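The lines below spell out each chain.
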Amino acid sequence: MFSKIPWKRIDWRNTSFLLITPPLMVLTTYWHVTLEGLNLWLFVPAIIMYFVTGYSITLGYHRLFSHKAFKAHPAVQIFTLIFGSAAFQNSVLKWGSDHRRHHAQCDREKDPYNISKGFFWAHIGWVLVKEEPQYRNKFAKDLENNPLVAWQHQHNLSISIVVGLIFPTLLGIAMGSPIGGIAIIALARLVMVHHCTFFINSLCHMVGNRPYTASNSARDSWLIAFFSFGEGYHNFHHFFQNDYRNGVRWYQYDPTKWIVYLLSKIGLTSGLIRTPEEEILKARFMMQQIEYKGELALSSPSTFLGVQKIKLEEALKNINKLKQDYQKLRQGLEVSGANSLADLNRKIKIARHELRATFNVWLVALKRSHLQYS
Ligand SMILES: [Zn+2]
Ligand SMILES: [Zn+2]
């Protein structure tokens, strides 16, 4: 077993940190309980730190810096950079570069957390080996031009230690439980955020369904979304990676998207990227045709399902045509039947409304047909 371990490639700093923190958490918690007596009040700052550092990763590191899914006021950038450091997941420059490579090379050899190498590798194994030098920050060159990102990259370790370890210890001292501060606010919080983030790279490529694409292993899972601040809708995210939402439907648990949205209402975020609804419905339609190909093969074009399929294809074609006309008119080209951009905009809105209604009837037809043939 040990002969298979690539000893020369091991990153001893990462490995010792990731392997020591969980047992140290257990040991310090034991010391806290036996020497100081369990102080339940410690869980208040620990939970706050858990959410603050977790959201700094999902909202800041992931959706803001890695995907540029929205723009953020420098105050939001500084906040997420400082508390992102406190999550001990390296600088955003390194994190973002790895993550963009994951999207670009998903499931292939160059994917840093390639799930085809197994759960352990995608979850934590890839962090335990040294990075191949040719990939160092390669996918995040644009981020180097952001002075705040450059500052965080340069001082990442100091910020991590001060905010992630010393600050929780000081909180513990102030609450009369210095060991408890280290055990609960620093270590337990840190280990929790680590593994919740790691689950996105491992479980989100193994467990759940694929409503938007089968072109990669990413999956949607509400359960993982619950533990990962909304990042569990990973199939949607891999297909529409610049969208500020991961759980795109209003009821899907994605608190990160709600925070980005609320911050936009007070001017701290702007330019939120939303995938047009027709693109999302088109992706679902494509996947449903794969999933229900048995039912579709059995039903002729004259059945309820067949008719709805044709209607949906027409509704998609209609909105595509209107959008193409809109682009043509914007470029000063001639478009038949359209008077102005405002006119076309109105028609696109009506077409989108009709598409939504057609899609809902198609869903009913699918369900009915599935019951009939199953
Ligand atoms: Zn992924
Ligand atoms: Zn991503």
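These figures come from a predicted structure and were not determined experimentally.

Asker: Outline the coordination of the zinc ion (ligand 2), supporting the account with residue identities and numerical values.
Answerer: Taken together, the protein ligands of the zinc ion (ligand 2) are His62 (NE2), His67 (NE2), His99 (NE2), His103 (NE2) and His237 (NE2), with distances of 1.9 to 2.2 Å. Each donor residue of the zinc ion (ligand 2) belongs to the same chain, with the gaps between them written as H-x4-H-x31-H-x3-H-x133-H. One end of the pair, His67, is in the loop between helix 2 (43–66) and strand 1 (71–72); the other, His99, is in helix 4 (residues 92–104), with 32 residues separating them in the sequence. For the pair His67 and His99, a shared accessibility class is recorded, and that class is buried.

Asker: Tell me about the coordination of the zinc ion (ligand 1), residues and numbers included.
Answerer: Bound to the zinc ion (ligand 1) are the protein donor atoms His102 (NE2), His205 (NE2), His234 (NE2) and His238 (NE2), situated 2.0 to 2.2 Å from the metal. Mapped onto the polypeptide sequence, the residues donating to the zinc ion (ligand 1) form the spacing pattern H-x102-H-x28-H-x3-H. Taken together, the positions of His102 in helix 4 and His238 in helix 10 (residues 234–239) put the pair 136 residues apart, joining distant regions of the chain. Each member of the pair, His102 as well as His238, carries the same accessibility label: buried.

Asker: Which residues make up the nonpolar core, and what are the values?
Answerer: Ranked by size, the top nonpolar core spans 26 residues in total, and within it Phe65 and Phe70 carry the most contacts. Counting residues per element, this core draws most heavily on helix 2, which supplies seven residues. With residues near it in sequence (within four places) discarded, Phe70 still touches Leu59, Arg63, Leu64, Tyr244, Val260, Thr269, Ser270, Gly271 and Leu272. Counting residues in hydrophobic clusters, the runner-up holds 13 residues, among them Leu281, Leu305, Leu316 and Leu366.

Asker: Describe in detail the environment of Ser299, supporting the description with residues and values.
Answerer: With respect to the helices, strands and loops of the structure, Ser299 is situated in the loop between helix 13 (293–298) and helix 14 (304–330). Residue Ser299 is classed as buried on the basis of its relative accessible area of 10%. Distance in space between the C-alpha atoms of Ser299 and Ser369 is 8.3 Å, their sequence separation being 70 residues.

Asker: Please set out the layout of surface pockets residue by residue, giving values where relevant.
Answerer: Empty space among the atoms can be located by rolling a probe the size of a water molecule over them. Size it by volume and the largest pocket reaches roughly 1100 Å³. Counting only elements with at least two residues in the lining of the largest pocket, the list comes to helix 1 (12–36), helix 2, helix 4, helix 5 (119–128), helix 7 (147–174) and helix 8 (178–201). No other element matches the six residues that helix 7 contributes to the lining of the largest pocket. The residue inventory of the lining of the largest pocket, partitioned by class, reads 17 nonpolar, 14 polar and 15 charged. Considered as a void within the structure, the second largest pocket measures approximately 490 Å³ in volume.

Asker: Lay out the pattern of salt bridges with the relevant residues and their values.
Answerer: Between side chains of opposite charge, a pair can form as their charged atoms come close. One pass over the structure, following the stated rule, counts 17 salt bridges. Between Lys141 and Glu144 there is a salt bridge, with the nearest N and O atoms lying 3.7 Å from each other. Placement of both Lys141 and Glu144 in helix 6 (residues 141–144) is noted, with a separation of three residues, approximately one turn of the helix. Owing to a relative accessible area of 46%, Lys141 belongs among the partly exposed residues under this scheme. Residue class for Glu144 comes out partly exposed when judged on its relative accessible area of 35%. In this structure, Arg356 and Glu277 form a salt bridge, with 2.9 Å as the shortest nitrogen-oxygen distance. With a gap of 79 residues between them, Arg356 in helix 15 (residues 341–373) and Glu277 in helix 12 (residues 277–291) connect regions that are remote in the sequence. Assessed through its relative accessible area of 33%, Arg356 is described here as partly exposed. Among the residues examined, Glu277 registers a relative accessible area of 26% and is labelled partly exposed. Salt bridges here are not isolated pairs; linked through shared partners, they connect Lys94, Asp98, Arg101, Glu131 and Arg136.

Asker: Before we move on, could you go through the domain arrangement of the protein and cite the residues and values that matter?
Answerer: Entries for the protein in the domain assignment read domain 1 (2–270) and domain 2 (277–373). Averaged C-alpha coordinates put domain 1 and domain 2 at centres separated by 38 Å. Here domain 1 and domain 2 share an interface that buries about 610 Å² over both sides, 72% of which is from carbon and sulfur atoms. Joining domain 1 to domain 2, the criterion identifies zero salt bridges. Within the side of domain 1 that touches domain 2, the residues separate by chemical class into seven nonpolar, one polar and three charged.

Parameters and conventions
- Residues numbered from 1 in each chain as written.
- Chains lettered and ligands numbered in written order.
- Predicted model: local features only at pLDDT ≥ 70, side-chain atom pairs only at ≥ 80, totals over all residues.
- Heavy atoms only, no water.
- Donors = N, O, S within 2.8 Å, 3.2 Å for Na, K, Ca; no water.
- Helix = DSSP H or I, 4+ residues; strand = E, 2+ residues; numbered from the N terminus.
- Buried < 20%, exposed > 50% of the residue type's maximum accessible area, 1.4 Å probe, protein only.
- Core = buried A, V, L, I, M, F, W, Y, C linked by side-chain atoms within 4.5 Å.
- Contact = heavy atoms within 4.5 Å.
- 1 Å grid on protein atoms, 1.4 Å probe; cavity = no way out; pocket = protein on both sides within 12 Å on 5 of 7 lines; lining within 4 Å.
- Points joined across faces, edges and corners; volume = space filled by probe spheres on them.
- Nonpolar A, V, L, I, M, F, W, Y, C, P; charged D, E, K, R; others polar.
- Salt bridge = Lys/Arg side-chain N within 4 Å of Asp/Glu carboxyl O.
- Domains from an automatic or database assignment.
- Buried area = accessible area lost by both parts, 1.4 Å probe.

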